[in-house]
Amino acid sequence: MIPQEAQYRAWMLAALAGDAAAYRMLLQGLTRHLRGYYAKRLGAAAAEDAVQESLIAIHAKRATYDPARPFTAWVYGIARYKLVDEYRRNKRTAAISLDDAGELFGADEAEAASARRDVEKLLARLPVAKRDLVRAVKLDGHSIAEAAARTGMSETSVKVTVHRALKSLGEELGDNHADR
Amino acid sequence: MQTDDLIAHLSGELQPVGGAEVARTLAAGLALGLFGSALLMAATIGIRPDILQAMGGEAFWLKFLYTLAIAILGLKLVERLGRPGTEAAWPALLIAVPILTLMSMMAVQMMPADSATRHALLMGHSADVCSVLIAALALPLFAGLFWSLRKLAPTRLTQAGAAAGLLAGSAAATIYAFHCTESTATFIAIWYTAGIALTTLMGAVLGRFVLRW
């Protein structure tokens, strides 16, 4: 059984009964799996569209979830359908495995989570202001213009700051490797 | 739109969903299809004039129960394949039970018969139209069931289409039994089964185009 099954199923049942807070946590949790799943198969650029398509499908078709059956298999069915859809639209052919939901809820999530932890550890070495900028632009997907507007800096200095911050992190990483 | 905003939007407009939604959707499509199919038959080929007498005999009930058994399994298949992440293996395998039962009744009829009788058993008096009429009566059922399935979330479109075709064909054959005056197990085993096989094939072919959502 998929480890997340019990938690996600409980959220789903609450959501079907109208609990918006549980629903929100469910969608946020699923988004992480979906992002990993699609990024690996479609590339990061196309992945976000596929994630949103899947979330909308999960929402629109939520009545088709049968509480007597595993929730993770239901979500995987939708994720896989949207992947096939995406391939078909781009006239790409690829072998899509018919395996179980483990593909969606397995390695991707663990990889993404550990990558996220590593990034957070690295970011912690930056001064707060720089850290927030890097996070906004590189992790949360805000544009340079948005970040500039929010901090009151010019777009150029946002760009330069982010660039320098990343460079210094890169150098630190290099040092670490040299130390070992 | 940012994904976080989408999540906020979707959870903001969340409405509770009852457990019977799928059953209601399927019942609506099936009822419309049955009604359309019965109407189509009544308006064209008509009900056999001696229907009340016929309902007293076992040949009518053999046809009726055979097609009804397949239709019930077909409905189960459609319900399962209309939901993501659901396997449909056991109802599909169970379809062998009514078919093999009738096939063995056919063997009992055919074995002792001479070749002229065999030919009469096989062809009845309506072999050339039976399967085609069943497929034609299935058209309103196809429309109703495809409408239902598109409101659900089939993710294996060929399989879901085949299941809809199986249900459309067997339900149409159940209706056709009110017209048909054939009375042998052999005829039903061959031509009713062929009609249902034909609609199943039609559904499988149409599914991947019509059932996309």
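Residues numbered from 1 in each chain as written. Chains lettered and ligands numbered in written order. Predicted model: local features only at pLDDT ≥ 70, side-chain atom pairs only at ≥ 80, totals over all residues. Heavy atoms only, no water.

A.B. asks: Break down the overall build of chain A for me, with residues and values.
C.D. replies: Helix and strand counts for chain A come out as 9 helices and 0 strands. Listed by position from the N terminus, the elements making up chain A come as α-α-α-α-α-α-α-α-α. Out of the 180 residues belonging to chain A, those deemed buried represent 39%. Considering only residue pairs separated by 6 or more positions, chain A has 59% of its internal contacts joining residues 24 or more positions apart. Surface exposure of chain A reaches about 9,600 Å², of which carbon and sulfur atoms provide 56%. (Helix = DSSP H or I, 4+ residues; strand = E, 2+ residues; numbered from the N terminus. Buried < 20%, exposed > 50% of the residue type's maximum accessible area, 1.4 Å probe, protein only. Contact = heavy atoms within 4.5 Å. Areas by Shrake-Rupley, 256 points an atom, 1.4 Å probe, with all protein chains shown as cover.)

A.B. asks: Can you explain the environment of A46 of chain A? Please cite residues and give values.
C.D. replies: All names here are of chain A. If you trace the backbone, A46 turns up in helix α3 (residues 44-60). Here A46 falls in the partly exposed class, since its relative accessible area comes to 25%. For A46 and L13, which are 33 residues apart along the polypeptide, the C-alpha to C-alpha distance reads 30 Å.

A.B. asks: Before we move on, could you go through the pattern of salt bridges and cite the residues and values that matter?
C.D. replies: As a working rule, side chains carrying opposite charge can pair if their charged atoms are close by. Per the stated rule, a full pass over the model turns up 10 salt bridges over all chains. Between D85 of chain A and R88 of chain A there is a salt bridge; the shortest N-O distance is 2.7 Å. Taken together, the residues D85 of chain A and R88 of chain A, both in helix α4 (residues 71-89) and 3 residues apart, mark about one turn of the helix. R88 of chain A gets classed as partly exposed once you look at its relative accessible area, which sits at 28%. One salt bridge connects E21 of chain B with R24 of chain B, and the closest N-O pair in it is separated by 3.3 Å. Taken together, the residues E21 of chain B and R24 of chain B, both in helix α2 (residues 21-43) and 3 residues apart, mark about one turn of the helix. Overlapping salt bridges bring together D85, E86, R88 and R89 of chain A as one network. (Salt bridge = Lys/Arg side-chain N within 4 Å of Asp/Glu carboxyl O.)

A.B. asks: Outline the interface of chain A and chain B, listing residues and values.
C.D. replies: With 37 residues of chain A in contact, the opposing surface of chain B contributes 33 residues. The largest per-residue losses of area from chain A upon contact with chain B belong to K61, R69 and Y81 of chain A, which jointly make up 23% of the total buried on that side. Remark: the boundary between chain A and chain B carries 0 salt bridges. Where chain A packs against chain B, one counts 10 residue pairs in polar contact (both at pLDDT 80 or more). (Buried area = accessible area lost by both parts, 1.4 Å probe. Polar contact = N/O pair within 3.5 Å; in protein donor to acceptor, adjacent residues only side chain to side chain.)

A.B. asks: Can you tell me about the nonpolar core, naming the residues and giving the values?
C.D. replies: Counting 92 residues, the largest nonpolar core has L30, L34, Y38 and F71 of chain A together with Y192 of chain B as the members making the most contacts within it. In this view, Y192 of chain B contacts K63, Y66, T67, C130, I134, A173, Y176, A177, C180 and F187 of chain B; residues no more than four positions away in its chain are not counted. (Core = buried A, V, L, I, M, F, W, Y, C linked by side-chain atoms within 4.5 Å.)

A.B. asks: Report on the environment of R41 of chain A, specifying residues and quantitative values.
C.D. replies: Residue and element names in this part refer to chain A. You can see R41 is positioned in helix α2 (residues 20-42). Measuring from C-alpha to C-alpha, the distance between R41 and Y87 comes to 9.8 Å, with 46 residues separating the pair along the chain. Only 3.0 Å separates the side chain of R41 from the backbone oxygen of Y37, close enough to count as a polar contact.

A.B. asks: An account of the side chain of T155 of chain B is needed here, citing residue identities and associated values.
C.D. replies: Here T155 of chain B shows up in the loop between α9 (139-151) and α10 (157-176). The contact partners of T155 of chain B, leaving out residues within four places of it in the chain, are G77, I78, R80 and Y81 of chain A together with L81, P84, G85 and W213 of chain B.

A.B. asks: Can you tell me about the environment of F105 of chain A, naming the residues and giving the values?
C.D. replies: Residues and elements named next belong to chain A. In this structure, F105 sits in helix α5 (residues 102-105). As a C-alpha pair, F105 and T72 span 33 residues in sequence and 7.8 Å in three-dimensional space. Setting aside residues no more than four positions away along its own chain, F105 makes contact with I2, Q4, Y8, L30, H33, T72 and V75.

A.B. asks: Requested: an account of the packing of helix α4 (residues 58-81) of chain B against helix α6 (residues 96-110) of chain B, with residues and values cited.
C.D. replies: Residue and element names in this part refer to chain B. Axis separation between α4 and α6 bottoms out at 9 Å; the angle between their running directions is 150°. The orientation of α4 relative to α6 falls into the category roughly antiparallel. Contacts between α4 and α6 pair L62, Y66, A69 and I70 from the former with P98, I99, L102 and M105 from the latter. Looking at the contact of α4 with α6 residue by residue, the class counts come to 8 nonpolar, no polar and no charged. (Axes fitted to C-alpha atoms, helices over the stretch in contact; angles between N-to-C directions. Parallel < 35°, antiparallel > 145°, perpendicular 65-115°, else oblique. Nonpolar A, V, L, I, M, F, W, Y, C, P; charged D, E, K, R; others polar.)

A.B. asks: Report on empty space enclosed by the protein, specifying residues and quantitative values.
C.D. replies: Per the counting criterion, the structure on display carries 1 cavity of 30 Å³ or more. Size it by volume and the largest cavity reaches roughly 40 Å³. Together, T64, Y65, D66, R69, P70 and W74 of chain A together with R83, P84, G85 and T86 of chain B line the largest cavity. Counted by class, the lining of the largest cavity contains 4 nonpolar, 3 polar and 3 charged residues. (1 Å grid on protein atoms, 1.4 Å probe; cavity = no way out; pocket = protein on both sides within 12 Å on 5 of 7 lines; lining within 4 Å. Points joined across faces, edges and corners; volume = space filled by probe spheres on them.)

A.B. asks: Can you break down the side chain of T72 of chain A residue by residue, with the values?
C.D. replies: Residues and elements named next belong to chain A. Along the chain, the position of T72 falls in helix α4. According to the relative accessible area criterion, T72 is buried, its value standing at 3%. A distance of 2.6 Å separates a polar atom in the side chain of T72 from a polar atom in the side chain of E5.

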